[in-house]
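Chain residues, written in single-letter form:
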Amino acid sequence: MKKLAILTSGGDAPGMNPAIRAVARTAIFYNVEVVGVRYGFKGLIEKDFFEMKRSSVADIIQRGGTALFSARCEEFLSREGREKAYQNMREEGIDSLVVIGGDGSLHGVQKINQESEISAVGIPATIDNDLSCTDYTIGVDTAMNTILDAINKIRDTATSHERTFVIECMGRDSGYLALMTGLAGGAEFILVPEIDFTPQEVTNRIVQGFNKGKLHSLILIAEGVKAPFVDLSGYNGSPGLAMGDLIREKTGMETRVTILGHLQRGGSPTATDRIIASRMGAKAVDMLIEGHRDIMINYKDNSIGSCKIADAIVEAQQIDMDIYNLASILSM
Ligand code: F6P
């Protein structure tokens, strides 16, 4: 490997910066030239390149977001667009690429390996933690802590007013964030797209809780929950708003809805995100130096390794039913 490019793509995630830093500094340590690409795959097509030195990644380890910026790029979905990207990399002498991002970004990595001689490796980074072949994606720990902080604050006001709160969190089609933060935050009910439920079960649980003397009820709902479990018509795609109205209507209880939104994507990365990002970044460079391509760096059974890209994007992670059942028992 002579010249390595780095980019971040798709939705940003806290911990992308420590990952960029680790990739750049490990490569420089091995005397590999490093090129930063701004705005993800769009930057490859538009040749938005710059030389990276050790100092280029100074003072970013503690910052949320991505110092390389990110974008979603329609043009990269076409063969023509991708050919422009390959040509730009060839002109620049780039032989290897590290892509830091989620599912969509990994599809891009797969295409690059299939269609060009450039060796591309993915590092999983998304707050959704929705990839196969890895227990962990960079950003999920910070997002969970952000959500937990919000749950704690909402719990204070919910108790003061003896209210029910519906808290909608991100995750795209995955219920991971809602499940884990629901367990950690002591939610009364956790609603995720992977598990069927009836609105009746939810309202019964709320009423039973108040009858037992609970001072509030917290319902965690993943943004990916949809019909037939919740009727979203008229709610602009928000299952939280729909569930809030339904609870109000069926129980007559004072109910408020909080949609956490993009604040879940920001913030200084936690120690866990920084450590895993640093280790994954270094591993990506090691694997490229060893001649590997078309792989994603992963975290499995407490160690950093790798898997084929095709295996990482094949199907979404399943929800852990043991955790779901545990959360349910503990919140009764
Ligand atoms: O994939 C990360 C994520 O934050 C999802 O949880 C969410 O559905 C989506 O990105 C939001 O995307 P955007 O920032 O483009 O609105």
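A quick note: this is a predicted structure, and the numbers were derived from the prediction, not measured.

A.B. asks: Would you explain the UniProt feature "active site" (unreviewed entry) in the protein in this entry?
C.D. replies: With numbering aligned to this structure, UniProt lists the feature "active site" (unreviewed entry) at D128. As for its placement among the helices and strands, D128 is situated in the loop between β5 (119–124) and α5 (140–161). If sequence neighbours within four positions are ignored, D128 has contacts with G171, R172, S174 and Y176.

A.B. asks: I would appreciate a short explanation of the pattern of salt bridges in the present structure.
C.D. replies: If charged atoms from side chains of opposite charge come close, those side chains can pair. Scanning the entire structure with this criterion turns up 20 salt bridges. A salt bridge links K300 to D135; the shortest N-O distance between them is 3.3 Å. In this pair, K300 is assigned in strand β10 (residues 295–300) and D135 in the loop between β5 and α5, connecting sequence segments 165 residues apart. Note that E188 and K214 form a salt bridge whose closest N and O atoms lie 2.7 Å from each other. Linking E188 in the loop between α6 (176–185) and β7 (189–191) with K214 in the loop between α7 (199–211) and β8 (217–222), this pair joins segments that are 26 residues apart in sequence. The class of E188 is buried, set by a relative accessible area of 6%. Judged by its relative accessible area of 22%, K214 falls in the partly exposed class. Through salt bridges with shared partners, a single ionic network connects R79, R82, E83 and E115.

A.B. asks: What is the right way to read the site of the ligand from this model?
C.D. replies: As a matter of local geometry, the ligand sits amid R72, T126, I127, D128, M170, G171, R172, E223, H262 and R265. Backbone polar atom of G171 to an oxygen atom of the ligand: 3.1 Å apart, as the coordinates give it. The side chain of H262 places a nitrogen or oxygen atom 2.8 Å from an oxygen atom of the ligand. Contact with the protein chains hides 74% of the accessible area of the ligand, taken as 400 Å² for the molecule alone. Using a 2 Å cut-off from the grid points, one finds that the ligand occupies the largest pocket.

A.B. asks: What is the right way to look at the layout of surface pockets in this model?
C.D. replies: Take a probe with the size of a water molecule and roll it over the atoms, and the empty space left behind shows itself. As a volume, the largest pocket reaches approximately 980 Å³. In terms of lining residues, the largest pocket is bounded by 43 residues, among which R72, D103, G104, S105 and R172 are the most central. For the lining of the largest pocket, the secondary structure elements donating two or more residues are α4 (103–115) and α10 (309–313). The element that contributes the greatest number of residues to the lining of the largest pocket is α4, accounting for eight residues. Grouping the amino acids of the lining of the largest pocket by side-chain chemistry returns twelve nonpolar, 17 polar and 14 charged.

A.B. asks: Can you help me understand the nonpolar core in this one?
C.D. replies: Among soluble globular proteins, nonpolar side chains are generally buried collectively. I100, I123, L177, I190, L191 and I297 are the most contacted members of the largest nonpolar core, which has 80 residues in total. Counting residues per element, this core draws most heavily on α5, which supplies nine residues. Residue contacts for I100: discarding those within four places in its chain leaves I6, L7, T8, S9, M16, A19, I20, I123 and A125. Counting residues in each nonpolar core, the second largest holds 27 residues, with L44, L106, I112 and M296 among its members.

A.B. asks: Even after reading the chapter, I still don't get the UniProt feature "binding site: ATP" (unreviewed entry) in the protein, so can you show me in this structure?
C.D. replies: Residues annotated by UniProt as "binding site: ATP" (unreviewed entry) correspond here to G11, R72, C73, G102, D103, G104 and S105. Of the residues just listed, which span 95 residues, no C-alpha pair is farther apart than 13.7 Å, and they cluster in one region. Considered against the largest pocket, the annotated residues that line it turn out to be G11, R72, C73, G102, D103, G104 and S105. In this structure G11 touches M16, R72 and R265, once residues within four positions along its chain are discounted. In this fold, G102 is placed in the loop between β4 (96–101) and α4. Overall, the relative accessible area of 12% leaves G102 in the buried class. Discounting chain neighbours no more than four positions away, the residues touching G102 are S9, A125, T126 and L131.

The rules we used
- Once a new chain begins, its residue numbering starts again from 1 and follows that chain's sequence as written.
- Local features are withheld for residues below a pLDDT of 70 in this predicted model, meaning they are given only at 70 or higher, and side-chain atom pairs are given and counted only at 80 or more; totals for whole chains, interfaces and linings count all residues.
- Excluded from the side-chain calculations are hydrogens and water; all other atoms, namely the structure's heavy atoms, are used.
- UniProt positions are given in the numbering used here, feature names are shortened, and annotations may be inferred rather than shown by experiment.
- Under the scheme used here, helices are H or I runs from DSSP no shorter than 4 residues and strands are E runs no shorter than 2 residues, and both carry numbers assigned from the N terminus.
- Two residues form a contact once any of their heavy atoms are found within 4.5 Å.
- The rule for a salt bridge is simple: a side-chain nitrogen of Lys or Arg has to be within 4 Å of a carboxyl oxygen of Asp or Glu.
- In this scheme, a residue with accessible area under 20% of its type's maximum is buried, one over 50% is exposed, and one in between is partly exposed, where area comes from a 1.4 Å probe on protein chains only.
- We call a residue near a molecule or strand as soon as one heavy atom of that residue lies within 4 Å of the molecule or strand.
- Identification of polar contacts relies on pairs of N or O atoms within 3.5 Å, with a donor-acceptor requirement for protein atoms, meaning one able to donate a hydrogen and the other able to accept it, and with residues adjacent in sequence counted only if both atoms are side-chain atoms.
- Note that accessible areas follow from Shrake-Rupley with a 1.4 Å probe, and for residues the cover is restricted to the protein chains shown.
- Both cavities and pockets are sets of points on a 1 Å grid over the protein atoms alone; in a cavity a 1.4 Å probe fits but cannot get out, in a pocket the set is open with protein on both sides within 12 Å along at least five of seven lines, and lining residues sit with an atom within 4 Å of a point.
- Each molecule is assigned to a cavity or pocket provided more than half of its atoms lie within 2 Å of the corresponding grid points.
- Grid points are joined across faces, edges and corners, and a volume is the space filled by probe spheres set on the points.
- Basically, the charged four are Asp, Glu, Lys and Arg, the nonpolar ten are Ala, Val, Leu, Ile, Met, Phe, Trp, Tyr, Cys and Pro, and anything else, Gly included, counts as polar.
- Joining through side-chain atoms within 4.5 Å is the link that ties buried Ala, Val, Leu, Ile, Met, Phe, Trp, Tyr and Cys residues into a set, and such a set is a nonpolar core.

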